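The lines below spell out each chain.
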Amino acid sequence: MHPQVLTDRGLAAAIGEVASRSPIPVEVETVLERLPEPVETAAYYVVSEALANVARHSGASRAWISASRASGALVVEIGDDGAGGADPAKGSGLTGLADRLAVVGGRLSLSSPAGGPTTMRVEIPCE
């Protein structure tokens, strides 16, 4: 199941809603029209899980999300000013996100040096 706002108003509105519920302030910048449903759904769940991870593990005081289309793909970046050190090899959460994206032909890249910041980039083909 995904939230009604995603169905009714699309990914940009759904990202705004999930960001507004975050215990950490999140700056959101989206430039999006409606995208294919599988793309919106995959991106929504990645953003939701990423923000949950920021709140649980990062020690961040703020986070940010940007989402736009570029070269036929949805590009979403999620970042925080936390401690860094996120490592897909240390748990299944990030691996699970990469697996979810692979189903729709997407990919995830992560930069999270010790001391921070952490930035996750997601690219999902839209055509």
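What about the side chain of S112?
Step number 1: Structurally, S112 can be placed in the loop between β4 (107-111) and β5 (118-125).
Step number 2: Take S112: its relative accessible area is 13%, and that puts it in the buried class.
Step number 3: Beyond its immediate stretch of four places on either side in the chain, S112 contacts G84, G85, A86, P117 and T118.

A few points about helix α3 (residues 37-58)
Step number 1: Taking 1.5 Å of rise per residue, 22 residues should cover 32 Å, and α3 covers 30 Å from first to last C-alpha, within 8% of that figure.
Step number 2: G59 occupies a position one or two residues after α3 and carries a positive phi of about 70°.

Examining the pairing of β5
Step number 1: As defined by bridge partners, strand β3 (residues 73-80) adjoins β5 across 8 bridges and the pair is classed as antiparallel. Bridging from a neighbouring strand, D80 pairs with T118 of β5.
Step number 2: For β4 and β5, the ladder comprises 5 bridges, and the chain directions are antiparallel. Note that in β5 the partner of S111 across the bridge is T119.
Step number 3: Once β4 ends, the chain turns through 6 residues before running back antiparallel as β5, passing G115 with a positive phi of about 95°.

A few points about the nonpolar core
Step number 1: Counting 34 residues, the largest nonpolar core has L51, L74 and I78 as its most contacted members.
Step number 2: Mapped by element, the contributors of at least two residues to this core are α1 (4-9), α2 (11-20), α3, β2 (63-70), β3, α4 (92-103) and β5.
Step number 3: Per-element tally for this core: the top contributor is α3, with 9 residues.
Step number 4: If sequence neighbours within four positions are ignored, I78 has contacts with V46, V47, A50, L51, W64, I65, T118, T119 and M120.

Brief notes about the confidence of the model for the protein chain
For residues with low pLDDT, the predicted coordinates do not support detailed interpretation.
Step number 1: Confidence in the prediction for the protein chain averages 93 pLDDT; 98% of positions are at 70 or higher.
Step number 2: Within the protein chain, the lowest mean pLDDT, 86, falls on α4, and the highest, 97, falls on β3.

Some words on the pattern of salt bridges
Step number 1: Applying the stated rule across the entire model yields 7 salt bridges.
Step number 2: The partner of E40 in a salt bridge is R34, with the nearest N and O atoms 3.0 Å apart.
Step number 3: Residue class for R34 comes out partly exposed when judged on its relative accessible area of 45%.
Step number 4: Where R56 meets E49, a salt bridge forms, and the shortest distance between an N and an O atom there is 3.3 Å.
Step number 5: For R56, a relative accessible area of 53% puts it in the exposed group.
Step number 6: On the basis of relative accessibility, which here comes to 28%, the residue E49 falls in the partly exposed class.
Step number 7: Linked by salt bridges that have partners in common, E77, R107, R121 and E123 make up one network.

A few points about α2
Step number 1: Within α2, the full set of buried residues consists of L11, A13, A14, I15, V18 and A19.
Step number 2: Packed against the buried residues of α2 are α1, β1 (26-31), α3, β2 and β3.

Each value, and the rule that gives it
- Residues numbered from 1 in each chain as written.
- Predicted model: local features only at pLDDT ≥ 70, side-chain atom pairs only at ≥ 80, totals over all residues.
- Heavy atoms only, no water.
- Helix = DSSP H or I, 4+ residues; strand = E, 2+ residues; numbered from the N terminus.
- Buried < 20%, exposed > 50% of the residue type's maximum accessible area, 1.4 Å probe, protein only.
- Contact = heavy atoms within 4.5 Å.
- Expected span 1.5 Å × (residues − 1).
- Pairing = 2+ DSSP bridges.
- Core = buried A, V, L, I, M, F, W, Y, C linked by side-chain atoms within 4.5 Å.
- pLDDT = per-residue confidence, 0-100.
- Salt bridge = Lys/Arg side-chain N within 4 Å of Asp/Glu carboxyl O.

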